[in-house]
Amino acid sequence: MGATVFVQPLDLVKNRMQLSGQGTKAREYKTSFHALFSILKNEGVGGIYTGLSAGLLRQATYTTTRLGIYTILFEKMTSADGRPPNFLLKALIGMTAGATGAFVGTPAEVALIRMTADGRMPADQRRGYTNVFNALARITREEGVTTLWRGCVPTMARAVVVNAAQLASYSQSKQALLDSGYFGDDILCHFCASMISGLVTTAASMPVDIVKTRIQNMKMIDGKPEYKNGLEVLMRVIRSEGFFSLWKGFTPYYARLGPHTVLTFIFLEQMNKAYKTYILDR
């Protein structure tokens, strides 16, 4: 959760970029850096930490659930002689745990999207949530409890895509680097492979992420939602804003996901190495 304090500004910039130019509006921000400087200029340093309480709650719900489910399933799938699950089973466990954690964390995600988006709206149209618990209470009271899980399908889909893309692209990148003859199976190789994996994962998951952001931030217009489903979001973004708008906010998203991917796989490789050295080879 401590890391959330450092990545919250990246989340805010990414969300603002994904909402910029929504519908027929002119794009508010030219680049992620333009967005960051505009937020600092108009909303102050505190503005880049808008929605921090929601970010912390998301980590407390999503991460805790994901790690808990992963640990339980991993132990269930470990054979009686202590042999861990194979790669494909680990991937399936990771995707299942990610999707479950995403479902549990969706209410905090909805609050986070709305709180980070508020500053871009005219003063009379802002929702004005004071903190994540105020947001959750007002959403329940004003729009119904089911609204807390609005966008849970793309949220869960993003979690599955991230887990699948990370594992597959890391494994493939590592093998390609080793086959090149320029790398050994060491930390440098793991670092380069995980950076490539972070890039691939960002590219693969961003279209799903923009669907999630738009759906969770949408308002009712004449009693009807702005979007019927995720497919409509994709089609309208492509038609009105251009195909590459699906990757708006790529820089802050990669800046957030890249280091996470690097640390995840470096730790995983070191743990696997220790397991092989101290357990299997004994």
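Residues numbered from 1 in each chain as written. Predicted model: local features only at pLDDT ≥ 70, side-chain atom pairs only at ≥ 80, totals over all residues. Heavy atoms only, no water.

Asks: Lay out a nonpolar patch on the surface with the relevant residues and their values.
Replies: A surface patch of nonpolar side chains, about 430 Å² in accessible area, is lined by Phe-33, Phe-37, Leu-40 and Val-45. Within the element layout of this structure, Leu-40 appears in helix H2 (residues 32-43). (Patch = residues over 30% accessible without salt bridge, like charges linked within 9 Å, V, L, I, M, F, W, Y side chains within 5 Å. Areas by Shrake-Rupley, 256 points an atom, 1.4 Å probe, with all protein chains shown as cover. Salt bridge = Lys/Arg side-chain N within 4 Å of Asp/Glu carboxyl O. Helix = DSSP H or I, 4+ residues; strand = E, 2+ residues; numbered from the N terminus.)

Asks: Describe the packing of helix H6 (residues 152-180) against helix H7 (residues 187-217), listing the residues and the values that go with them.
Replies: Between H6 and H7, whose axes approach to 7 Å, the crossing angle comes to 160 degrees. Here H6 lies roughly antiparallel to H7, going by the angle between them. H7 is crossed by H6, and the crossing has right-handed handedness. Counted by class, the contact of H6 with H7 contains 17 nonpolar, ten polar and four charged residues. (Axes fitted to C-alpha atoms, helices over the stretch in contact; angles between N-to-C directions. Parallel < 35°, antiparallel > 145°, perpendicular 65-115°, else oblique. Left-handed = near helix turned anticlockwise from the far one by under 90°. Nonpolar A, V, L, I, M, F, W, Y, C, P; charged D, E, K, R; others polar.)

Asks: Now, about the pattern of salt bridges: what can you tell me, with residues and values included?
Replies: What the rule picks out here adds up to 17 salt bridges. Between Glu-109 and Lys-212 there is a salt bridge, with its nearest N and O atoms 3.0 Å apart. Taken together, the positions of Glu-109 in helix H4 (residues 87-117) and Lys-212 in helix H7 put the pair 103 residues apart, joining distant regions of the chain. Here the two residues Glu-109 and Lys-212 agree in accessibility, since each one is buried. Between Arg-138 and Glu-142 there is a salt bridge; the shortest N-O distance is 3.0 Å. Pair noted here: Arg-138 and Glu-142 are both in helix H5 (residues 132-143), with a separation of four residues, about one helical turn. Sharing partners across several salt bridges, the network here consists of Asp-11, Lys-14, Arg-58, Glu-109, Arg-158, Asp-209, Lys-212 and Arg-256. (Buried < 20%, exposed > 50% of the residue type's maximum accessible area, 1.4 Å probe, protein only.)

Asks: Could you give an account of the packing of aromatic side chains, naming the residues involved and the relevant values?
Replies: Describing an aromatic ring pair means giving the distance of the ring centres and the angle of the ring planes. On inspection of all chains with the given rule, the structure shows seven aromatic pairs. Relative to Trp-247, the ring of Phe-244 lies with its centre 6.4 Å away and its plane at 45 degrees, an arrangement referred to as tilted. Connected via pairs of aromatic rings, a cluster forms that spans Phe-243, Phe-244 and Trp-247. (Phe/Tyr/Trp six-rings, centres within 6.5 Å; stacked < 30°, edge-to-face > 60°.)

Asks: Describe the environment of Ala-54, listing the residues and the values that go with them.
Replies: Looking at the secondary structure, you find Ala-54 in helix H3 (residues 52-77). The exposure class of Ala-54 is buried, given its relative accessible area of 0%. Distance from Ala-54 to Ala-193, taken between C-alpha atoms, is 32 Å for residues 139 residues apart in sequence. For Ala-54, the residues in contact, after removing those within four places along its chain, are Ala-108, Ala-111, Leu-112, Met-115 and Val-132. (Contact = heavy atoms within 4.5 Å.)

Asks: Quick one: what's the story with the packing of H7 against helix H8 (residues 230-241), residue by residue and with numbers?
Replies: Between H7 and H8, the shortest axis-to-axis distance is 9 Å and the interhelical angle comes to 100 degrees. Taken together, H7 and H8 sit at an angle that is classed as roughly perpendicular. From H7, Pro-207, Ile-210, Val-211, Arg-214 and Ile-215 reach across to H8, where they touch Gly-230, Val-233, Leu-234, Val-237 and Glu-241. Each residue belonging to the contact of H7 with H8 can be placed in one class, and the counts come to seven nonpolar, one polar and two charged.

Take it as geometry only, folks, not as evidence of what the structure does.
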